[in-house]
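# Residue-level structure breakdown
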Amino acid sequence: MSAGPSRVASLPVHPARSNRAYRNVARLLRPLLYAIQRRDWRGQEHLPTDSGFIAAGNHLTNLDPVTFAHYLYDSGVAPKIMAKSSLFSVPVLGWVLRTTGQIPVYRGTSDAGRSLEAAEVALAEGECVAVFPEGTLTRDPDLWPMLAKTGVARLALDTRVPVVPIAQWGAQDLLARYGKVFKPIPPKRVTVVAGPPVDLSDLYDKPRDAATLREATARVMAAITAQLAEIRGEQPPAEVFDMRKKSA
């Protein structure tokens, strides 16, 4: 699957698809993010320019959606992040999410399907939809990606848009997993690396059964994990952490 033309950004311009609210938020956050990070960003050439696409990343800390979005935004992409619906009710944060066009995820409710429908519309319009397939912060004790939910697979197979795996590492040094203390001093190294789109084309015409969805999800997460292993210079565990087994 081709990634399309390069989208590498040499200057921190505002993406063409960003609205006024998105740009105003970026003007406020960018100086802070530049000050607290030592950025190691790679792989922007894999971000498609000729179609909507899914940006799928690992989830380490409550801060990494910001560093994830920063990487995409400064690479010329204004992502529509799929975020849990409760965040849209938080003062200030909820306003930011709504006005910048982020997508609420209604977990465990009759409205759950609305999230995928909204994401499909955005992708059809050429937008980038950003997802964290694990659905929550990883529970793996060493912060490797854990077993993911299949929503990203269903979205990818139904829309047939490219799925770009993006691994990040370092945001947890600014704010630890489940941490309450923000540690911006000294600035921390934050590495974000995008890889080539994951090939799911052989699954497009298969039934949307559990086996197909699990296979597509596993491919996406394997690509993210391989990139994270390269960033960390370590081998991931042989068995993916499964939160369901640990809580059983």
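The structure this text deals with has already been given above.
Residues numbered from 1 in each chain as written. Predicted model: local features only at pLDDT ≥ 70, side-chain atom pairs only at ≥ 80, totals over all residues. Heavy atoms only, no water.

### Describing the overall build of the protein chain
The helix and strand inventory of the protein chain stands at 8 helices and 7 strands. For 248 residues, the compact-globule formula gives about 18 Å, and the C-alpha radius of gyration of the protein chain, at 17 Å, lands near that figure. In terms of overall dimensions, the protein chain has C-alpha extents of about 45 × 40 × 35 Å along its principal axes. Counting over 248 residues, the protein chain shows a buried share of 48%. When contacts within the protein chain are restricted to residue pairs at least 6 apart in sequence, those whose partners lie at least 24 apart make up 77%. By element, 56% of the accessible surface of the protein chain is carried by carbon and sulfur atoms, the whole surface being about 12100 Å². Counting 31 positive and 24 negative side-chain charges, the protein chain places the centres of these two groups 8 Å from one another. (Helix = DSSP H or I, 4+ residues; strand = E, 2+ residues; numbered from the N terminus. Rg over C-alpha atoms; globule rule 2.2 N^0.38 Å. Buried < 20%, exposed > 50% of the residue type's maximum accessible area, 1.4 Å probe, protein only. Contact = heavy atoms within 4.5 Å. Areas by Shrake-Rupley, 256 points an atom, 1.4 Å probe, with all protein chains shown as cover. Lys, Arg positive; Asp, Glu negative; His and termini not counted. Charge placed at Lys NZ, Arg CZ, Asp CG, Glu CD.)

### With respect to the environment of Lys180
Following the sequence through the fold, Lys180 ends up in the loop between helix H6 (171-174) and strand E7 (188-194). Residue classification places Lys180 among the exposed positions, given a relative accessible area of 81%. Residues Lys180 and Leu28, 152 residues apart in the sequence, show an inter-C-alpha distance of 22 Å.

### Some details on unusual backbone geometry
Look at the link from Ile185 to Pro186: it is a cis peptide, with omega at -5 degrees. Along the polypeptide, Pro186 turns up in the loop between H6 and E7.

### Observations concerning helix H5 (residues 151-159)
For H5, every residue scored as buried is listed here: Val152, Ala153, Leu155, Ala156 and Leu157. Directly beyond the C-terminal end of H5, a positive phi value near 60 degrees is found at Arg160.

### Structural notes on the sheet that holds strand E1 (residues 37-42)
What the 7 strands build is an open sheet, ordered E1-E7-E6-E2-E5-E3-E4; its pairing is mixed. With one partner strand each, in any of the chains shown, E1 and strand E4 (103-105) form the two edges of the open sheet. Pairs of neighbouring strands in the sheet enclose a mean axial angle of 25 degrees, with direction left out of account. One ladder, built from 4 bridges, connects strand E6 (residues 163-169) with E7; its direction is antiparallel. Bridged to Ile166 within E7 is Ala194. (Pairing = 2+ DSSP bridges. Axes fitted to C-alpha atoms, helices over the stretch in contact; angles between N-to-C directions.)

### As for the packing of helix H1 (residues 20-36) against helix H2 (residues 64-74)
Contact pair H1 / H2: the axes reach a minimum separation of 11 Å and the direction vectors enclose 110 degrees. With respect to H2, the axis of H1 lies roughly perpendicular. Side by side, H1 and H2 meet where Tyr22, Arg23, Ala26, Arg30, Leu33 and Tyr34 of the first sit next to Val66, His70, Tyr73 and Asp74 of the second. Residue composition of the contact of H1 with H2, grouped by class: 6 nonpolar, 1 polar and 3 charged. (Parallel < 35°, antiparallel > 145°, perpendicular 65-115°, else oblique. Nonpolar A, V, L, I, M, F, W, Y, C, P; charged D, E, K, R; others polar.)

### Let's talk about the packing of aromatic side chains
Under the definition given, this model contains 3 aromatic pairs. Judged by centre distance (5.6 Å) and plane angle (85 degrees), the rings of Trp41 and Tyr71 are edge-to-face. Here Tyr71 lies in helix H2 and Trp41 lies in strand E1, a separation of 30 residues in the sequence. No difference in accessibility class separates Trp41 from Tyr71, as the two residues are buried. Cation over ring: Arg232 sits above Trp169, and NZ or CZ is 4.1 Å from the ring centre. (Phe/Tyr/Trp six-rings, centres within 6.5 Å; stacked < 30°, edge-to-face > 60°. Lys NZ or Arg CZ within 6 Å of the ring centre and 35° of its normal.)

### Some thoughts on the nonpolar core
Residues Ile54, Val129 and Leu200 are the most contacted members of the largest nonpolar core, which totals 32 residues. Mapped onto this core, the elements with two or more residues apiece are strand E2 (53-57), helix H4 (112-124), strand E5 (128-131), H5, E6 and helix H7 (210-232). No other element matches H7, which puts 8 residues into this core. Sequence-distant contacts of Leu200, defined by excluding residues within four places in its chain, comprise Ala156, Leu157, Val163, Ala216 and Arg219. (Core = buried A, V, L, I, M, F, W, Y, C linked by side-chain atoms within 4.5 Å.)

### Some words on the side chain of Gln102
Checked against the element boundaries, Gln102 lands in the loop between helix H3 (93-99) and E4. A relative accessible area of 9% means that Gln102 is categorised as buried. Each residue touching Gln102, except ones within four places of it in the same chain, is listed here: Tyr22, Pro79, Lys80, Ile81, Phe88 and Leu97.

### Some remarks on H7
With 23 residues, H7 extends 32 Å between its outermost C-alpha atoms, agreeing within 8% with the 33 Å of an ideal straight helix rising 1.5 Å per residue. The first or second residue beyond H7 is Gly233, which carries a positive phi of 65 degrees. (Expected span 1.5 Å × (residues − 1).)

Just distances and angles here, no functional claims.
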